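The primary structure of each chain is shown beneath.
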Amino acid sequence: MNFDAPSVIRTKRDGGALSDAAIDWVIAAYTDGRVADEQMSALLMAIFLRGMTGAEITRWTTAMIASGERFDFGDLGRPLVDKHSTGGVGDKITIPLVPVVLACGAAVPQAAGRGLGHTGGTLDKLEAIPGFTAELSKNRIRQQLSDIGAAIFAAGDLAPADRKIYALRDITATTESLPLIASSVMSKKLAEGARSLVLDVKVGKGAFLKTEAESRELAATMVALGNDSGVPTRALLTDMNRPLGRAVGNAVEVVESLEVLAGGGPDDVVELTLALAAEMLDAAGLDGVDPAQTLRDGTAMDRFRALVAAQGGDLSAPLPIGAHSESVPAPTGGVMGDIDAMAVAMAAWRLGAGRAAPGHPVQFGAGVQIHRRPGESVAAGDALFTLYTDTPERLAPAIAELDGGWTVGPREPVIGPLIIDRIG
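- An unreviewed UniProt entry annotates the protein as Thymidine phosphorylase of Mycolicibacterium frederiksbergense.
- Taken verbatim from the UniProt record of the protein, the Subunit (unreviewed entry) comment is "Homodimer."
- Regarding the protein, the UniProt comment filed under Sequence similarities (unreviewed entry) reads as follows: "Belongs to the thymidine/pyrimidine-nucleoside phosphorylase family."

Here is the structure:
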């Protein structure tokens, strides 16, 4: 059949379902430049407003996978499992999680991303380590999986259609579309070669989707996409109303991850790391191993050092920290109330930890240190937050973003469970 962009856009604009052939055509044509950005933008807005059926989401995901290479590392003889988070504030979980799972006997091929918006992505955090590179060839990924069992790499040739569409979504106010989120995540994850997948789907103020109902639907959609593609998939719904841990940024999150790998670190970061590790090990068919033991005995830290060294990083070199800092003091004593995750995220973005547009550099040393977490006691004058940046004029706007995003009062806040539910 012959297709043209206006006809495909019109079908979705008017509430119709796109045929498999139409989806295959528009994804391929956009990837190779026969459909213009303006036309794809119009189609994305029509999808945002009209939605997609389950069959459309499945085909859209399949077409994006087909736009590039699909890795297969099944011949390596290791149980291959991966994890993906829908993104949060202070969400450095990949950094301690991958070496924990490695130390328990599984292998992890992880395609990760750079951030767009309020904070850096996993690659931005890891690239704060001097020398670390995520630009790995397929052959190098294969060799690294064989040698040490893990690689954390830029998606590269995986789902190139998604890379183009993702950039458009950010500048056309279509980021929060559930079908587009689900297909974006799963196209890359299904292409990277893992044999099973665990999803961390965030709920709350610092998440893409703010309501639990929306996040549940997203989780169920992605679980179905994975299972239907022959990759056993499950998801945890986790709270993202307040930041994870005490650090938000790039290098500051690496520091906190190293604390976790050394057997310490914030309780919530440790809890989520171990919960996701347990799910990944179960999905990989590895029974009778205790992921917590790898933090106690140092084997997870050993695996992380090997992973960083394999990708050119030097953990003995100092991590960058912003040359300029300012603290926010407590105006009164009491108990730290709730902390709004998005307020902290926007402060980190103002400091330079995130991007305003694709390709913009991030400041590896920019970030927010949280000194008092919800429920902890506070004395008047205590530092509640410290903000770091290499650009001093960013400090005042960042502090302004925090205004109204925290409280100190006489009573502890009500804090719900970190792990809300399991799907799949």
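The structure having been displayed, the exposition proceeds.
## Brief notes about the domain arrangement of the protein
In step 1: By the assigned domains, the protein splits into domain 1 (5-51), domain 2 (81-311) and domain 3 (324-409).
In step 2: Here domain 2 and domain 3 have C-alpha centroids that lie 24 Å from each other.
In step 3: With 29 residues of domain 2 in contact, the opposing surface of domain 3 contributes 28 residues.
In step 4: When the two sides are added together, the surface that domain 2 and domain 3 hide from each other amounts to roughly 2200 Å², 55% of it contributed by carbon and sulfur.
In step 5: Where domain 2 meets domain 3, there are 4 salt bridges.

## A few points about the sheet that holds strand S4 (residues 196-203)
In step 1: On the basis of which strands lie adjacent, the open sheet formed by 4 strands has the order S1-S4-S5-S13 and mixed pairing. Of all the strands in the sheet, the pair left with one neighbour each is strand S1 (81-85) and strand S13 (419-423). When strand polarity is set aside, the average angle formed by the axes of neighbouring strands in this sheet is 20°.
In step 2: Bridge count for S1 against S4 is 5 bridges, and the pairing is parallel.

## A look at the nonpolar core
In step 1: Membership of the largest hydrophobic core comes to 71 residues, with the highest contact counts inside it found for Val101, Val368, Phe385, Leu387 and Trp406.
In step 2: Here this core takes 8 residues from helix H12 (residues 267-283), the largest share from any one element.
In step 3: Inspection of this core shows a minimum of three residues originating in each of domain 2 (81-311) and domain 3 (324-409).
In step 4: Counting residues in hydrophobic clusters, the runner-up holds 59 residues, among them Val35, Ala107, Ala191 and Val231.

## Here's the deal with helix H9 (residues 178-191)
In step 1: The first and last C-alpha atoms of H9 sit 20 Å apart over 14 residues, in line with the 20 Å expected at 1.5 Å per residue.
In step 2: Summarising burial for H9: 13 of the 14 residues are buried, a large majority.
In step 3: Two residues or fewer past H9, Gly193 is found with a positive phi of approximately 105°.

## Here's the deal with the packing of helix H15 (residues 341-351) against helix H16 (residues 395-402)
In step 1: Viewed as axis vectors pointing N to C, H15 and H16 meet at an angle of 175°, and their least axial separation amounts to 8 Å. Between H15 and H16, the crossing angle belongs to the class labelled roughly antiparallel. On H16, the residues touching Ala343, Val344, Met346, Ala347, Arg350 and Leu351 of H15 are Leu395, Pro397, Ala398, Glu401 and Leu402.
In step 2: Classifying every residue of the contact of H15 with H16 gives 9 nonpolar, no polar and 2 charged.

## Things to note about the packing of aromatic side chains
In step 1: One pass over the structure, following the stated rule, counts 4 aromatic pairs.
In step 2: One aromatic cluster in this structure is built from Phe71, Phe73 and Phe153.
In step 3: Geometry around Tyr30 places Lys164 over its ring, the cationic atom sitting 4.2 Å from the centre.

## With respect to the sheet that holds strand S12 (residues 406-409)
In step 1: Sheet architecture is open: 3 strands sit in the order S10-S8-S12, paired in antiparallel fashion. Looking at the sheet topology across the chains shown, the edges are occupied by strand S10 (377-378) and S12.
In step 2: Bridge analysis of strand S8 (residues 334-339) against S10 gives 2 bridges, and the strand direction is antiparallel. From the neighbouring strand, Val335 faces S10, where its bridge partner is Ser377.

## Concerning the side chain of Thr238
In step 1: Relative to the helices and strands, Thr238 resides in strand S5 (residues 233-239).
In step 2: Overall, Thr238 belongs to the buried group, its relative accessible area being 0%.
In step 3: A polar contact of 2.6 Å, which involves the side chain of Thr238, links it to the side chain of Asp200.
In step 4: Each residue touching Thr238, except ones within four places of it in the same chain, is listed here: Asp200, Val201, Lys202, Val203, Leu272, Leu418, Ile419 and Ile420.

## Regarding the pairing of strand S9 (residues 367-370)
In step 1: Across 3 bridges, the pairing between strand S6 (residues 247-249) and S9 is antiparallel. Within S9, the position partnered with Gly249 by the bridge is Gly367.

## Notes on the side chain of Ser177
In step 1: With respect to the helices and strands, the residue Ser177 is situated in the loop between helix H8 (160-171) and H9.
In step 2: The exposure class of Ser177 is buried, given its relative accessible area of 3%.

## Looking at the environment of Phe364
In step 1: For Phe364, the position within the fold is in the loop between H15 and S9.
In step 2: Note on Phe364: relative accessible area 30%, which makes it partly exposed.
In step 3: Residues Phe364 and Asn250 lie 114 residues apart in sequence; the distance between their C-alpha atoms is 5.3 Å.
In step 4: With residues up to four places along the chain from it excluded, the contact list for Phe364 reads Asp124, Glu127, Ala128, Asn250, Ala251 and Pro320.

## What about the environment of Pro331?
In step 1: With respect to the helices, strands and loops of the structure, Pro331 is situated in the loop between strand S7 (324-329) and S8.
In step 2: Accessibility expressed as a relative area gives 64% for Pro331, which makes it exposed.
In step 3: Among all residues touching Pro331, those that are not within four sequence positions of it are Ala380 and Trp406.

The rules we used
- Residues numbered from 1 in each chain as written.
- Predicted model: local features only at pLDDT ≥ 70, side-chain atom pairs only at ≥ 80, totals over all residues.
- Heavy atoms only, no water.
- UniProt positions renumbered as here; feature names shortened; annotations may be inferred.
- Domains from an automatic or database assignment.
- Contact = heavy atoms within 4.5 Å.
- Buried area = accessible area lost by both parts, 1.4 Å probe.
- Salt bridge = Lys/Arg side-chain N within 4 Å of Asp/Glu carboxyl O.
- Pairing = 2+ DSSP bridges.
- Helix = DSSP H or I, 4+ residues; strand = E, 2+ residues; numbered from the N terminus.
- Axes fitted to C-alpha atoms, helices over the stretch in contact; angles between N-to-C directions.
- Core = buried A, V, L, I, M, F, W, Y, C linked by side-chain atoms within 4.5 Å.
- Buried < 20%, exposed > 50% of the residue type's maximum accessible area, 1.4 Å probe, protein only.
- Expected span 1.5 Å × (residues − 1).
- Parallel < 35°, antiparallel > 145°, perpendicular 65-115°, else oblique.
- Nonpolar A, V, L, I, M, F, W, Y, C, P; charged D, E, K, R; others polar.
- Phe/Tyr/Trp six-rings, centres within 6.5 Å; stacked < 30°, edge-to-face > 60°.
- Lys NZ or Arg CZ within 6 Å of the ring centre and 35° of its normal.
- Polar contact = N/O pair within 3.5 Å; in protein donor to acceptor, adjacent residues only side chain to side chain.

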